[in-house]
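# Observations on chain architecture
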Amino acid sequence: MNNPMTLHHYEESRVVNASPDEVFSYIDDHSKFSSHMNQSSWMLGGGKMATTVDQEKGQVVGSHIKMDGIVFGFHVFLDEMVTYRQPPRIKVWETVGIPRLLIIGHYQMKVEIQSVEAGSKISVSIEYQLPDTHQWLGKLFSAWYAKWCVRQMLDGTSAHFMHTTALKAR
């Protein structure tokens, strides 16, 4: 990450009934994988963010993913860049520039996918710093927010493949 400040970490894993290639294809599409940020929710104070990707669609190293919106009445913005990508096993992206966020500051997201007997084990982790401003908000809520974000990504992936598996069974 950009700055050697204290990092906080959260990670969680789940097994889904899909091949690593299928899972990687899903997580590589940020309109699906980050969709929890594009929907109004209580966790975003009733607000939501719009996700935009560059011409590489966030699917190559150096590609950018941007999010912009209103959260708890504040304008927030971030620019993420893909820093490592090894299909179908690993994808890493992190904030670049100066993110305008309330609860966390700079962060790095990592997704690892392993083939297991039941399909694929997907692990999502976030390493983050507290925000430069509103540090008291970060101290109070950043661990809770990191856990929510990681779980939203895992829940969305699980739901997608449960739906896909149900359709295949018909």
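Reading guide: rules and limits
Residues numbered from 1 in each chain as written. Predicted model: local features only at pLDDT ≥ 70, side-chain atom pairs only at ≥ 80, totals over all residues. Heavy atoms only, no water. Helix = DSSP H or I, 4+ residues; strand = E, 2+ residues; numbered from the N terminus. Buried < 20%, exposed > 50% of the residue type's maximum accessible area, 1.4 Å probe, protein only. Contact = heavy atoms within 4.5 Å. Arc of directions from axis to C-beta. Pairing = 2+ DSSP bridges. Salt bridge = Lys/Arg side-chain N within 4 Å of Asp/Glu carboxyl O.

To continue, consider the overall build of the protein chain. Of regular secondary structure, the protein chain possesses 3 helices and 7 strands. Secondary structure elements in the protein chain, listed N-terminal to C-terminal, are β-α-α-β-β-β-β-β-β-α. For the protein chain, the proportion of its 170 residues judged to be buried stands at 44%. In the protein chain, the share of contacts with a sequence separation of at least 24, taken over all contacts with a separation of at least 6, comes to 54%.

On to helix α1 (residues 20–27). Of all the positions in α1, only P20, V23, F24, Y26 and I27 are classed as buried. End-on view of α1: buried residues confined to an arc of 160°, all on one side of the axis.

Side chains I65, M67, G69 and V71 of strand β3 (residues 64–71) all project onto a buried face; the interleaved residues H64, K66, D68 and I70 project onto a face where none is buried. As defined by bridge partners, β3 adjoins strand β4 (residues 74–86) across 8 bridges and the pair is classed as antiparallel. The residue bridging I70 from the neighbouring strand is H75, located in β4. Counting the residues in the hairpin turn of β3 and β4 gives 2 residues, including F72, whose phi is positive at 50°.

Throughout the structure, instances matching the rule amount to 6 salt bridges. Salt-bridge contacts for E12 lead to R151; the nearest nitrogen and oxygen are separated by 2.9 Å. Here the residue E12 occupies a position in strand β1 (residues 8–16), and R151 occupies one in helix α3 (residues 135–169), the gap between them amounting to 139 residues. Residue class for R151 comes out partly exposed when judged on its relative accessible area of 34%. D155 is the partner of R14 in a salt bridge, and the nearest nitrogen-oxygen pair spans 2.6 Å. Separated by 141 residues along the polypeptide, R14 in strand β1 and D155 in helix α3 bring together distant segments of the chain.

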